[in-house]
Amino acid sequence: MSDATKAIFTGDRCLSCTACMANCPVMAAIKEYRGPKLVGPAHGRMHFSQEDVEESLNYCSNCKSCDRACPAGVAVSTLNMLQRAEYYKKHKQLRHENMLAHGERMAKLIRKMPFGAKFANVGMNVGKFLGVFNALGLAGKRNMPAYASTSFKNLFPKIRQAPSNKKVVLFTGCYTNDNEPQVGEAFVKVMNANGCEVLIDEGFKCCGSPLVVTGFLDEARQNADNNVAKILNWKRKGIPVVTPCTSCSLMLKEEYYELFGEQEMREAAENVYDAFEFLEILQERGEFNENLKSLNQKLLYHVPCHLKSQAIGLPAANILEEIGGVKVQTADAGCCGISGNYGFHKDKYEISMKVGEKLFARVKKKDFDKVISDCGTCRMQIHHGTDIKPCHPIEILAEAYQ
Amino acid sequence: MKISDVIIIGGGLAGLMAASVAANRRQKVTVLTYGSGSLPLASGAIDFLNTESPEAAIKNLPAHHPYKKIGVKNIDTAAKFFCHITSQANLIYNGKISAQIPIVTAVGTLKYSSLVPESMNATKLKSKKKIFVANVKGLKDFYASMLVDNLKKYFPDKTFEIAPLDLNLMGGRDITCLSAAQILTGNEKILADGLKKLNATEDDAIIIPPILGLEGNISRAEVKSQIRADIIETTCLPPSPPGIRLQRALMKYLQKSGVRFHENSKVIHGTAEGKKITGVIIGSGIREKFFPAKKIILATGGFYSGGLTMREFDNPKEPIFDLPVFFPTGAENWSNENLFGDKPQGFSMTGIFTNDNLNPVDENGKVLYENLHVIGANLGGVDFIHEHSAGGVAISSAHKAAMI
Ligand SMILES: Cc1cc2nc3c(=O)[nH]c(=O)nc-3n(C[C@H](O)[C@H](O)[C@H](O)COP(=O)(O)OP(=O)(O)OC[C@H]3O[C@@H](n4cnc5c(N)ncnc54)[C@H](O)[C@@H]3O)c2cc1C
Ligand code: SF4
Ligand code: SF4
C-alpha cells in the first residue's frame, strides 16, 4: 500500500473505463442507481468543492465490488461514503438510520435491564408483528439479529485458559459480542489450541462501519481514534489484535486510513489481523497446530465481499482443508446483498434480496453439509434467504480441535 | 500455504483462458488479479488477424511475431478449446481461424472477426429481404437512423425499417447497453412482446443493440423462441454486455473447476532461485503475502492494464520481474503522426520477447526464467490494434503456456 490510498486522492486516477459499473450489484438490481463511476470519482470531484447532492448515492451499499473491479486503485466506495457524510451534514438521519448505526449503544442499554436480552428479543418479535418495524423504516420482513442472553464479553472471564507468553487480543466486533458469542468461544478455543492466550480489551468501541454507511462520520472518527490508540498500545507490547469479523478487520486495516488519512492509522493497521489470516501466518512459520480430528464435511463457503477486498487470499479455506475429510467449495455467487445494515432499511430490503438471489439459489442446491461465512450479517442474510443457518469457519476449526 | 501448480497473474482474457486450460489439465490453479481487465469493455469477438483467412496469413508473418512462436496448429486447438468451454456456460461462439464472420458495429459498419458470439453473427444478413433496426427508447449511444444509413451502403438492395421499441427503461439513470441488459434479465417478455409486433418473418432480420442479458444465451433463447426472424446484436460502447458474458462464461468454468481466484491482489515481486521462479508476492493489502508456485504465467495486459509501464520515455519496464522490454529505439520510430492510420504504431510493437515456449528472453535470446511464461498483450513484436489480433494472440498464447 502506498500513501496514495487515502480515498480523496484516488478519484483523479479514474480512467472512466466503466469496469466498476459492470461489477456493481446494486446497479444490476435497480435502475435508479447511477452507479460507482458517476457517483464516486466523477461526481465526487465536484462535490467536495461545491454543494451538490447526488440523490442516488443513497443506494450504494458499500459492498466494495466496484473497488475490486477498478484497475486504477480508485477507492470508489469510500469516496461514496465520504460524500454521503457530506450529505448528512445538512440533512438529519432518519430515526431508523440512527438505530441501525448505533447497534452497539442499543445492545448496551438493553443489557443494563434485568432479562434485557430476552425482553428485547420478545419485543422485536412483537414489534415486528405489530408493524412497528415498518413504521420505523426497518425491513419488517426481516428478523432483527437476536441478542444472546449473555454477551461474549460477559462470558469471557469464565473461560479458563492456560497462561502463555504468546498472546493475542480479540477484537470481538459487535455481532460476535452481542449476537453470536459462540463465535468468540470458538476463537478462544482455536487460539488456545495454537498456544496463544486470548485477551480482551474493554476499551475497544464498535469499529464504526455501521456509522460510516449511515453518514455518522464524526462519530466514526471518534471510534477510530479510540481504537487506533488502543491497537497501538498493544502493538508496542508486541501483541497482535485479531478479529473473526471481516467487516471489522477491513475497517481497522484499510478503511480508517482511506477515510481519515492519519499516518498512525496505517501503523495501527499493521497490527491487525483477520483470524484465519493470522492462523495462516502461524502455519507458514510452522507454528500451526495440525493435530486435527477428521470431520468428513463438505463445506460451501460464501466469501464475504469485505474479505475479498483485503488481499489475503482465502486463508479460511486453506486452513479448513487441513482438516481430514474436509472439502471447501466456494459459492462464487457474488454479494449476499445485506452489506452490513443496508438490507435492514425498509427501502433497501427488496434490493438486498434481489442482489442475494444468486447466492440463495446456490445454497438451496444443498450439495454440502454446512454453509460457512466469516461475516455475521452475510450469515444472517443467507439464513433469511434460504432457511439454512450458516456458521463461522472458526466454529468448524474449533470442532476439529476436540 | 499449499503450493500451486500454476499461478496466473492477471484476470483478463489471456489470464482466464490460461486458467481454464490449466484447470482442464486438473492442475491446482491460482489466479491473482488487480482490476477486472479489459473484457467488460471488449466486443466479445475474438480477432485473429484482419484478413479473409487468418490461418493462411499467419504463415507469412515475420519470425518474431508471437503467432509464429505459438504455431498454427496450437492456435487452431486454442480456438476450438475456447469454443468448447464457452459453450459449457451456454455461450455459443461461431467461427474458425481459417475464416472471418461479419459483425454489425453500433454505427452500422461491418467488422470481421474469426470467433464471434452466435448472437452477433451477421452472416445471414445477406440472404434476408428486410432488415429491422430497433430504436430503443431511452438508450444512450445507439442511433438507429445512423446505423441504417451506414448499413445500407453494404446492402443497397434491402428494405430497412426502423422499429421503435419501448422497453420501459426510463425513469432511472441514463441507460447504457449494460443497464438495459441488466434490466431485461428475467424481464425478457417485454422485449419479446415488442419484437412480436413487427410481424417479422424468417426472411427478415432484426438488429438490436447488445442488450440480451449478461448470462450466456439465456435471455436470447427466451426471446428467440417467440420470434421467427433472426435477431442480431451489434457491438456497443463500453461497458459491453457481450464482453461481460464472455468474462462470466470463463469465470463459471474456473469456479466449476475449483480454481482459486483472488481479486484486489496486485503482484509486486517474484522470488527466484536461479532461473526458476518460486512464487510471487502481492502487495495490495496491509501486509505483503507470498504465494508459492511451480510455474507462473504472466498475463498482466501490457501498457493498457499496467503489465508494462513507461515512467521515462524510451525506457519501458515490466514491473514484477523486471523483464527486458523490447521497443523500437529512437523517437522517429516510436509513432507515426496518423494515430488511427493504416500503418502500425511503433509504440504498440513494444513488449516482452520470448522463445517458442513463451519464456521471456534477453536481447541475445537467452531464457531468463524457465518456468515463467508471458502471454496476451504483454507480448512484443506485434501491433494488436493495427492487425486486429489482440483476442487471438491472448487465447492462443494462453493455451500454449498452460499446456507446457
Ligand atoms: C475497449 C477494448 C475493446 C476490445 N475489443 C476487442 C475485439 O473486438 N476483439 C479482440 O480480439 N480483442 C479486443 N480487445 C482486446 C482483448 O479484450 C484483450 O484486452 C486483449 O486480448 C489483452 O488481454 P490480456 O488478458 O492480455 O489483458 P487484459 O484484459 O488487459 O488483462 C490484464 C489483467 O492483468 C491485471 N494486472 C495487471 N497488473 C497486475 C499485477 N501486477 N498484479 C495482478 N494483476 C495485474 C489487470 O488488472 C487485468 O485484469 C479489446 C480491448 C479493449 C480495451
Ligand atoms: S460499494 Fe457496492 S453498491 Fe456501492 S457503488 Fe460500489 S459496488 Fe455499487
Ligand atoms: S473502475 Fe476505476 S478507473 Fe474504471 S471507471 Fe471505475 S473508478 Fe474509474
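Parameters at a glance
- Residues numbered from 1 in each chain as written.
- Chains lettered and ligands numbered in written order.
- Predicted model: local features only at pLDDT ≥ 70, side-chain atom pairs only at ≥ 80, totals over all residues.
- Heavy atoms only, no water.
- Core = buried A, V, L, I, M, F, W, Y, C linked by side-chain atoms within 4.5 Å.
- Buried < 20%, exposed > 50% of the residue type's maximum accessible area, 1.4 Å probe, protein only.
- Helix = DSSP H or I, 4+ residues; strand = E, 2+ residues; numbered from the N terminus.
- Contact = heavy atoms within 4.5 Å.
- Near = heavy atom within 4 Å.
- Nonpolar A, V, L, I, M, F, W, Y, C, P; charged D, E, K, R; others polar.
- Pairing = 2+ DSSP bridges.
- Axes fitted to C-alpha atoms, helices over the stretch in contact; angles between N-to-C directions.
- Right-handed = clockwise from strand over helix to strand, strands pointing away.
- Domains from an automatic or database assignment.
- Buried area = accessible area lost by both parts, 1.4 Å probe.
- Salt bridge = Lys/Arg side-chain N within 4 Å of Asp/Glu carboxyl O.
- Phe/Tyr/Trp six-rings, centres within 6.5 Å; stacked < 30°, edge-to-face > 60°.
- Polar contact = N/O pair within 3.5 Å; in protein donor to acceptor, adjacent residues only side chain to side chain.

Undergrad: Now, about the nonpolar core: what can you tell me, with residues and values included?
TA: Phe82(B) and Phe321(B) are the most contacted members of the largest nonpolar core, which has 74 residues in total. Per element, the largest residue contribution to this core is nine residues, and it comes from helix H1 (residues 13–24) of chain B. Contacts of Phe321(B), omitting those with residues within four sequence positions, involve Ile9(B), Gly270(B), Ile277(B), Val280(B), Ile296(B), Leu298(B), Tyr369(B) and Leu372(B). Counting residues in hydrophobic clusters, the runner-up holds 61 residues, among them Tyr33(A), Cys207(A), Cys335(A) and Leu178(B).

Undergrad: Let's hear about the site of ligand 3: which residues, and what values?
TA: Surrounding ligand 3, one finds Cys14(A), Leu15(A), Ser16(A), Cys17(A), Thr18(A), Cys20(A), Lys37(A), Pro41(A), Cys70(A), Pro71(A), Val74(A) and Val76(A). When grouped by side-chain class, the residues that make up the shell around ligand 3 number nine nonpolar, two polar and one charged.

Undergrad: Give a detailed account of the sheet that holds strand S6 (residues 326–330) of chain A, specifying residues and quantitative values.
TA: All names here are of chain A. Ordered by their spatial adjacency, three strands build an open sheet running S6-S5-S7, and the pairing between neighbours is parallel. Here the strands that pair on one side only, and so sit at the sheet edges, are S6 and strand S7 (370–372). Strand-to-strand twist in this sheet, taken as the mean axis angle between neighbours without regard to direction, amounts to 30°. As paired strands, strand S5 (residues 297–301) and S6 are joined by five bridges and run parallel to one another. Residue pairing in the sheet places Leu-300 in a bridge with Gln-329 of S6.

Undergrad: Could you give an account of the pairing of strand S2 (residues 29–32) of chain B, naming the residues involved and the relevant values?
TA: Regular strands show a simple pattern: their side chains alternate between the two faces of the sheet. Residues and elements named next belong to chain B. Side chains Val-29 and Val-31 of S2 all project onto a buried face; the interleaved residues Thr-30 and Leu-32 project onto the opposite face, where all are buried too. One ladder, built from four bridges, connects strand S1 (residues 6–9) with S2; its direction is parallel. Bridged to Ile-7 within S2 is Thr-30. Tracing the backbone out of S1, into H1 and back to the parallel element S2 gives a crossover that is right-handed. Examined bridge by bridge, S2 and strand S11 (residues 260–262) share three bridges and lie parallel to one another. If you follow Leu-32 over to S11, its bridge partner there is His-262.

Undergrad: Account for the domain arrangement of chain A, naming residues and giving values.
TA: All names here are of chain A. The domain boundaries assigned to chain A delineate domain 1 (3–88), domain 2 (95–136), domain 3 (152–283) and domain 4 (291–400). On a C-alpha basis, the centroid separation for the pair domain 1 and domain 4 is 26 Å. Taken residue by residue, the interface counts 14 residues in domain 1 and 12 residues in domain 4. Summing the contributions of domain 1 and of domain 4, the shared interface buries around 990 Å²; its carbon and sulfur component is 61%. Looking at the side of domain 1 facing domain 4, the largest losses of area belong to Ala-29, Ser-61 and Arg-68, adding up to 42% of the total buried there. Where domain 1 packs against domain 4, one counts zero salt bridges. Mapped by element, the contributors of at least two residues to the side of domain 1 that touches domain 4 are helix H3 (25–29) and helix H5 (65–69). Across the side of domain 1 that touches domain 4, the residue classes break down as eight nonpolar, four polar and two charged.

Undergrad: Now, about the environment of Gln297(A): what can you tell me, with residues and values included?
TA: All names here are of chain A. Here Gln-297 shows up in strand S5. Distance in space between the C-alpha atoms of Gln-297 and Gln-329 is 11 Å, their sequence separation being 32 residues. Once you skip the residues sitting within four places of it in the chain, Gln-297 turns out to touch Gly-325, Val-326, Lys-327, Asp-369, Lys-370, Ile-396 and Glu-399.

Undergrad: I'd love a proper account of the packing of aromatic side chains, names of residues and values included.
TA: All names here are of chain A. With the rule as written, the count across this model stands at seven aromatic pairs over all chains. Consider the rings of Phe-171 and Phe-204, whose centres lie 4.9 Å apart with planes at 65°: the pair is edge-to-face. With Phe-171 in the loop between strand S1 (167–170) and helix H12 (174–178) and Phe-204 in the loop between strand S2 (197–200) and helix H14 (209–213), this residue pair connects regions lying 33 residues apart in the sequence. Like Phe-171, the residue Phe-204 is buried in the burial classification. Centroid distance Tyr-273 to Phe-278: 5.7 Å. Interplanar angle 75°. Geometry classified as edge-to-face. In this structure Tyr-273 comes out as buried when scored by relative accessible area, which is 16%.

Undergrad: Lay out the interface of chain A and chain B in plain terms, naming residues and giving numbers.
TA: Each partner contributes to the interface: chain A provides 47 residues, whereas chain B provides 36 residues. Taking both partners together, chain A and chain B bury about 3,300 Å²; carbon and sulfur atoms supply 48% of that area. For chain A, the biggest contributors to the area lost against chain B are Ala22(A), Lys31(A) and Ala311(A); these three give 21% of the whole. For the pair chain A and chain B, the number of links is 14 residue pairs in polar contact (both at pLDDT 80 or more). With five residues, the top contributor of residues to the side of chain A that touches chain B is helix H18 (residues 275–284) of chain A. A class-by-class count of the residues in the side of chain A that touches chain B yields 21 nonpolar, 10 polar and 16 charged.

Undergrad: Which residues make up the site of ligand 2, and what values do they have?
TA: Residues and elements named next belong to chain A. Lining the immediate environment of ligand 2, one finds 14 residues, of which Cys-24, Cys-60, Cys-63, Lys-64 and Cys-66 sit closest. Those elements giving two or more residues to the shell around ligand 2 turn out to be H3, H5 and helix H6 (76–90). Residue composition of the shell around ligand 2, by class: eight nonpolar, five polar and one charged.

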